[in-house]
Amino acid sequence: MGAGGQRGTMESCWFALRLSVLLCFSQQGSAQIRYSIPEEVNVGSVVGNVAKDLGLDIGTLTDRRFRVVSGSNDALFDLNQNNGLLCVHENIDREELCDGNAACSINLKIVVENPLEIHYVAVDIADVNDNSPMFQEEEKILEISESTLPGKRFQLPAARDPDMTVNSVRAYKINSNEHFNMQIRERGEDRVPFLVLQKSLDREKQSEHRLILTAVDGGSPPRSGTLNVTVTVMDSNDNHPVFKQEVYSVTLPENVEFGTVVVNVEATDEDQGTNGDVEYFFGRELDPDIYDLFGLDKSTGEIIVKGDIDFEKVDVYKLDVHATDKGAPPMSTDCSVIIKVIDLNDNKPEIDVTSLINMVSENAKPGTVVSLISITDRDSGINGKVICSLAQNEPFELKPSFQDNMYSLVTRQKLDRETVSHYDITITATDCGDPPLSTFKTVSIRVSDVNDNSPQFLQNPVELYLVENNIPGKSIYSVSASDNDLNENAAILYEIVRGGGSLNDMASFLSINSDNGHISALKSFDFETLKTFQFQVVATDSGSPPLRSNVTVNVFILDQNDNAPVILYPVSGNGSAEGVEEIPRNVNAGHLVTKVRAYDADIGYNGWLLFSLQEVTDHSLFSLDRYTGQIRTLRPCTETDEAEHKLVILVKDNGNVSLSATATVVVKVVEPKEAFAASDVKSAAKDEDEDNVTLYLMITLGSVSALFLISIIVLIVMQCSKPADYSSKYLQDPNYDGTLCHSIQYRSGDRRYMLVGPRMSIGSTIVPGSNGNTLVVPDRRQTSGEVRCVSKCHVQLHTTYI
Ligand SMILES: *[C@@H]1O[C@H](CO)[C@@H](O)[C@H](O)[C@H]1NC(C)=O
Ligand SMILES: *[C@@H]1O[C@H](CO)[C@@H](O)[C@H](O)[C@H]1NC(C)=O
């Protein structure tokens with residue numbers, strides 16, 4: 001401010017007095033001389049010629065020690081003793097010197113000696129605009145709420161200017177802006193600036209306004225000072241939270257895990273601080289269930305899944321979400337969240353079976369409805385579309401019904417309980433989802449019995465070999481039939497067929513246990529009178545209507561050795577087997593004496609007779625043929641031989657326990673003449689007879705050998721072909737017509753063997769079978785002698801091994 005002095009420049013000016021002295025004088029009244037200088041004039045500037053103005057002689061000034069004696073101010077001026085000029089010695093700052101007083105004058109006391117004179121000189125310091133207005137603060141910060149109404153005034157700090165009057169602050173200005181202008185109030189001499197709100201503030205648009213307040217003084221040129229005024233707009237809760245979207249549409253698959261984020265709603269609030277802090281809440285008017293299913297994070301707006309989302313229960317949720325700020329009062333906004341649940345294939349089809357019957361008759365017509373089946377699937381669309389099927393091999397099928405997803409289970413074909421009596425039908429329902437879900441259900445259906453099977457005999461006809469002399473009343477056989485039906489449809493009653501001609505003529509001698517089929521004979525059969533007969537047994541089940549079938553039983557009576565040989569010749573008058581034969585003494589060796597004839601009613605071995613000599617007086621003279629019973633001489637008789645010989649002949653059959661008879665022949669040796677006459681005729685007849693016997697014997701032996709051979713072969717084949725084989729042999733006899741007669745069977749189980757064909761053997765008894773052409777051999781061991789021929793036909797020896 002130009003207050004600094006330049007003491008050294010004005011050495012001519014010297015003040016002895018101190019400023020304080022001057023100040024004493026300054027209080028005094030009017031000065032003799034008044035000068036006026038502006039402040040801040042250049043050092044050295046002349047204030048005035050004091051000597052001249054006081055009327056002092058310039059030439060004496062030095063001598064009279066012309067000087068200023070005044071306090072501290074003496075340094076400001078310099079008084080020249082040579083020319084009497086008062087000059088500015090230092091820079092004069094009025095504001096410093098007078099401390100802002102309106103009038104500022106410096107009184108100088110000037111002294112001259114010889115004579116001592118004291119003069120008072122006043123120098124008025126005139127103000128110069130050398131100071132700019134200044135603000136004390138460096139910056140002013142104003143906080144104004146955005147809700148402040150226009151017109152409100154805010155005081156600003158005033159600027160200070162040490163200069164006086166016009167040079168002090170005269171006006172304030174503010175940089176142009178739309179919100180504020182200036183108003184200046186005068187408080188006495190001071191001018192106080194006010195900021196007036198012209199237009200409402202909006203923090204959200206502009207939160208800070210920087211203004212420059214300029215204070216201008218009245219100097220010429222004017223000086224100015226500025227203050228940065230920062231208006232900070234204080235927030236008020238004048239903004240609603242705003243959602244980014246008014247409606248959030250999202251999809252959510254059902255069955256999502258808990259904690260899955262559905263959507264994150266977001267609202268922003270332009271306000272500041274708590275006014276802009278947004279919290280989220282579900283709307284009050286929601287279904288209470290929703291609070292269990294969804295959770296909303298108050299602060300983030302994240303909606304998460306909290307419960308089971310089931311499309312089948314609810315397929316769309318509409319949630320209202322409020323966003324509220326924390327201002328006072330708070331402001332809030334709503335948005336909608338629409339959650340569409342996406343169906344997943346999470347439900348298996350369900351099969352509901354309404355059984356009409358669980359039992360279907362085996363004669364039910366194809367198409368009989370057994371059950372009604374309804375299929376449901378709680379899923380929708382393709383996930384709920386269900387395909388229903390049965391296992392392929394069932395005789396049932398599914399027929400779609402008039403209603404959707406309804407089927408009837410019907411029979412596809414006729415059923416047979418005897419084949420399958422029970423069905424477990426598995427129904428498979430599969431939906432079309434991905435992956436598809438399936439359900440199985442088994443329907444149990446039983447097939448009820450119908451009497452559609454007649455009793456069945458294992459074999460028909462059957463052969464029964466019954467040894468003669470059976471005990472009357474004892475069981476001889478048992479028939480058995482089976483029936484595949486159930487319960488009473490399979491309960492069988494047996495009955496022997498009575499009547500019906502020769503077929504059943506022996507039925508009256510038989511009885512049957514109707515429950516178990518045991519047959520007993522009421523009389524004893526005799527092979528020698530009855531060889532074979534037939535009867536029929538009917539088996540009837542208890543169904544309604546009953547079904548029946550019959551079996552033919554061919555009974556073959558087997559021989560027992562129950563007949564002893566009977567001697568036919570010789571027979572005496574009293575019936576005993578005794579005879580007398582005469583032979584001439586001159587007979588040669590080999591002469592036929594006689595032939596013992598015997599008969600046995602039994603057959604086979606039982607009837608095969610062998611002759612032997614039991615007693616004889618002379619063993620050297622007679623022989624007996626084992627087979628024919630012929631008695632012949634062994635040598636010619638001599639004179640020494642006795643005239644009468646007794647022969648006891650034993651005739652024995654070949655039964656297991658053989659039976660026998662004896663015959664006694666007495667041979668008398670007579671003189672040749674008398675003997676010849678009688679024996680010539682006899683021997684001629686006997687020779688013929690002998691020839692026949694020989695032929696007969698040959699055939700018998702041949703046949704026996706053949707049968708023996710067959711037995712051997714049969715045995716060998718049996719050994720080689722166990723357990724089951726089949727072999728047959730045909731014996732062609734050109735004498736017969738070639739018709740097939742019957743078969744020959746051998747059964748290993750009951751050791752029976754049958755030969756069929758006419759005249760198989762000569763040595764055995766030949767009896768026609770009552771049903772045709774059967775030859776029966778009761779025991780294998782006996783085959784050689786026990787063939788019975790039946791009729792004239794093609795001979796077939798047909799052997800089956802079982
Ligand atoms: C005042 O504001 C102006 C710009 O607006 C800046 O340059 C100046 O430094 C500020 N003064 C103070 C004291 O902050
Ligand atoms: C025995 O069965 C046959 C055929 O099955 C039948 O023709 C006959 O009449 C039946 N006889 C009796 C007595 O039932």
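A. Focus on the confidence of the model for the protein. In this model, the protein carries a mean pLDDT of 79, and residues with pLDDT of at least 70 account for 79%. Under a pLDDT of 50 for its full length, residues 1–29 has, in the predicted model, 84 contacts with residues more than four places off or in other chains. Contacts for the low-pLDDT stretch residues 680–688, under 50 throughout, to residues beyond four places or in other chains number four contacts.

B. Fine view of the pattern of salt bridges. One pass over the full model with this rule turns up 19 salt bridges. A salt bridge links Asp277 to Lys326; its shortest N-O distance comes to 3.8 Å. Of this pair, Asp277 sits in the loop between β18 (267–268) and β19 (278–282) while Lys326 is found in the loop between β22 (316–325) and β23 (332–342), placing the two residues 49 residues apart along the sequence. The class of Lys326 is partly exposed, set by a relative accessible area of 41%. The residue Arg635 makes a salt bridge to Asp618 at a minimum N-O spacing of 3.2 Å. One end of the pair, Arg635, is in the loop between β47 (630–633) and β48 (644–653); the other, Asp618, is in the loop between β45 (609–616) and β46 (622–624), with 17 residues separating them in the sequence. Residue Arg635 is classed as partly exposed on the basis of its relative accessible area of 23%. Asp618 gets classed as buried once you look at its relative accessible area, which sits at 18%. One salt-bridge network, in which partners are shared between bridges, spans Asp277, Glu279, Lys298 and Lys326.

C. Inspection of the state of the cysteines at higher detail. Using the criterion set out here, one finds one disulfide in the structure. Covalently, Cys98 is tied to Cys104 through a disulfide, its sulfur atoms 1.5 Å apart. Across the disulfide from Cys98 to Cys104, rotation about the S-S bond amounts to roughly 60°, and the bridge is consequently right-handed. Take Cys98 and Cys104: they sit in the same class, and that class is buried.

D. The environment of Glu528, seen in detail. Within the secondary structure, Glu528 is located in the loop between β38 (518–521) and β39 (532–541). Sequence-wise, Glu528 and Ala601 are 73 residues apart; in three dimensions their C-alpha atoms are separated by 6.9 Å. Here Glu528 is in contact with Glu468, Asp559, Gln560, Asp562, Asn563, Ala601 and Asp602, once residues within four sequence places are set aside.

E. Spatial organisation of the packing of aromatic side chains. Under the counting rule described, the total for this entry stands at ten aromatic pairs. An angle of 75° between the planes, with centres 5.8 Å apart, marks the rings of Phe282 and Tyr291 as edge-to-face. Relative accessible area serves as the criterion here: at 12%, Phe282 is assigned to the buried category. With a relative accessible area of 29%, Tyr291 lands in the partly exposed category. Three or more aromatic residues joined by ring pairs form one cluster here, namely Phe525, Phe533 and Phe535. The cationic tip of Arg185 hangs over the ring face of Phe194; the distance from NZ or CZ to the ring centre is 5.6 Å. Note that Lys523 overlies the ring of Phe509, its terminal NZ or CZ placed 4.7 Å from the centroid.

Cut-offs used in this document
- Residues numbered from 1 in each chain as written.
- Chains lettered and ligands numbered in written order.
- Predicted model: local features only at pLDDT ≥ 70, side-chain atom pairs only at ≥ 80, totals over all residues.
- Heavy atoms only, no water.
- pLDDT = per-residue confidence, 0-100.
- Contact = heavy atoms within 4.5 Å.
- Salt bridge = Lys/Arg side-chain N within 4 Å of Asp/Glu carboxyl O.
- Helix = DSSP H or I, 4+ residues; strand = E, 2+ residues; numbered from the N terminus.
- Buried < 20%, exposed > 50% of the residue type's maximum accessible area, 1.4 Å probe, protein only.
- Disulfide = S-S within 2.5 Å.
- Phe/Tyr/Trp six-rings, centres within 6.5 Å; stacked < 30°, edge-to-face > 60°.
- Lys NZ or Arg CZ within 6 Å of the ring centre and 35° of its normal.

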